[in-house]
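Summary of the model geometry
One-letter residues, chain by chain:
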Amino acid sequence: MIRKVLVASVLAMAAVPAFAADCSVTVTGTDQMTWDVKNIDVSKSCKEFTVNLKHAGTMPKQVMGHNWVLTKAGDFQPVSAEGMAQGLDKNYVNDADARVLAHTKVIGGGESDSVTFDVAKLAAGEEYAFFCSFPGHFSIMRGTLKLVD
Ligand SMILES: [Cu+2]
């Protein structure tokens, strides 16, 4: 009986990578104005996709805050400029701007936040940009996101 249970649990673990697409990613920001992810591939088989943003540093959000904002690649510059003008209270994002496809709040050292969005929002062949819209951070804290098979 014990042996049967063991075999079943090993099979269950082995089945996870084969049958479930990874529909989430963790992006970790630092006190050095960097994060550890430059490219995100979103599988078409995901209905929803979740981004978990973490801040591994110790600096407060007023000084070294980070968020994660998603737009089409072509919208990245105007959206980041407009976001900067919104201030920290608005997470440096204009929520009325339809070009913002998804975003987290601004977090400081030791904090985290997540955002989940519908994969149906993404079009195949379109390139998307993700970035931190905290003033000045977009030049370094930026990457590309694509819909893949
Ligand atoms: Cu930042």
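The preceding data block contains the structure.
The paragraphs below set out a description of the structure included in this document. (Residues numbered from 1 in each chain as written. Predicted model: local features only at pLDDT ≥ 70, side-chain atom pairs only at ≥ 80, totals over all residues. Heavy atoms only, no water.)

As for the sheet that holds strand β2 (residues 39–43)
Ordered by their spatial adjacency, 5 strands build an open sheet running β2-β8-β7-β4-β5, and the pairing between neighbours is mixed. Strands at the two margins of the open sheet, each flanked by one partner only, are β2 and β5 (102–103). Bridge count between strand β4 (residues 69–72) and β5: 2 bridges; the pairing is antiparallel. Bridging across to β5, V69 finds its partner in H103. Contacts from helix α3 (residues 76–84) reach β4, β7 (128–131) and β8 (142–148) within the one sheet, and its direction differs from that of β7 by about 30 degrees. (Pairing = 2+ DSSP bridges. Helix = DSSP H or I, 4+ residues; strand = E, 2+ residues; numbered from the N terminus. Contact = heavy atoms within 4.5 Å. Axes fitted to C-alpha atoms, helices over the stretch in contact; angles between N-to-C directions.)

A word on the coordination of the copper ion
Surrounding the copper ion are the protein donor atoms H66 (ND1), C132 (SG) and H137 (ND1), at 2.1 to 2.2 Å. Each donor residue of the copper ion belongs to the same chain, with the gaps between them written as H-x65-C-x4-H. Of this pair, H66 sits in the loop between α2 (61–64) and β4 while C132 sits in the loop between β7 and β8, and the two are 66 residues apart along the sequence. The residues H66 and C132 share a single accessibility class, namely buried. (Donors = N, O, S within 2.8 Å, 3.2 Å for Na, K, Ca; no water. Buried < 20%, exposed > 50% of the residue type's maximum accessible area, 1.4 Å probe, protein only.)

Concerning the sheet that holds strand β6 (residues 112–118)
Think of a sheet as strands paired side by side through backbone hydrogen bonds, with each pair either parallel or antiparallel. Pairing within the open sheet is mixed, and its 3 strands lie in the order β1-β3-β6. Across the chains shown, the open sheet's two edge strands, defined by having one partner strand only, are β1 (24–29) and β6. Averaged over all neighbouring strand pairs, the angle between strand axes comes to 20 degrees, with direction disregarded. Note that β1 and strand β3 (residues 48–55) share 6 bridges and pair parallel. Across the sheet, the residue bridging to V25 is V51, located in β3.

Re the packing of aromatic side chains
A complete count under the given rule lists 7 aromatic pairs for this structure. Ring geometry for W35 against F130: centres 5.6 Å apart, planes inclined by 45 degrees, an arrangement best described as tilted. In this pair, W35 sits in the loop between β1 and β2 while F130 sits in strand β7, placing the two residues 95 residues apart along the sequence. In this structure F130 comes out as buried when scored by relative accessible area, which is 0%. (Phe/Tyr/Trp six-rings, centres within 6.5 Å; stacked < 30°, edge-to-face > 60°.)

Examining the state of the cysteines
Simply put, disulfide is the name for a covalent bond between the sulfur atoms of two cysteines. Applying the stated rule across the entire model yields 1 disulfide. A disulfide bridge connects C23 with C46, and the sulfur atoms are separated by 2.0 Å. The sign of the -90 degrees torsion about the S-S bond sets the C23-C46 disulfide as left-handed. Here C23, found in the loop between α1 (2–19) and β1, pairs with C46, found in the loop between β2 and β3; they are 23 residues apart in sequence, far enough to count as distant. Given a relative accessible area of 26%, C23 falls into the partly exposed group. Residue C46 is classed as buried on the basis of its relative accessible area of 4%. (Disulfide = S-S within 2.5 Å.)

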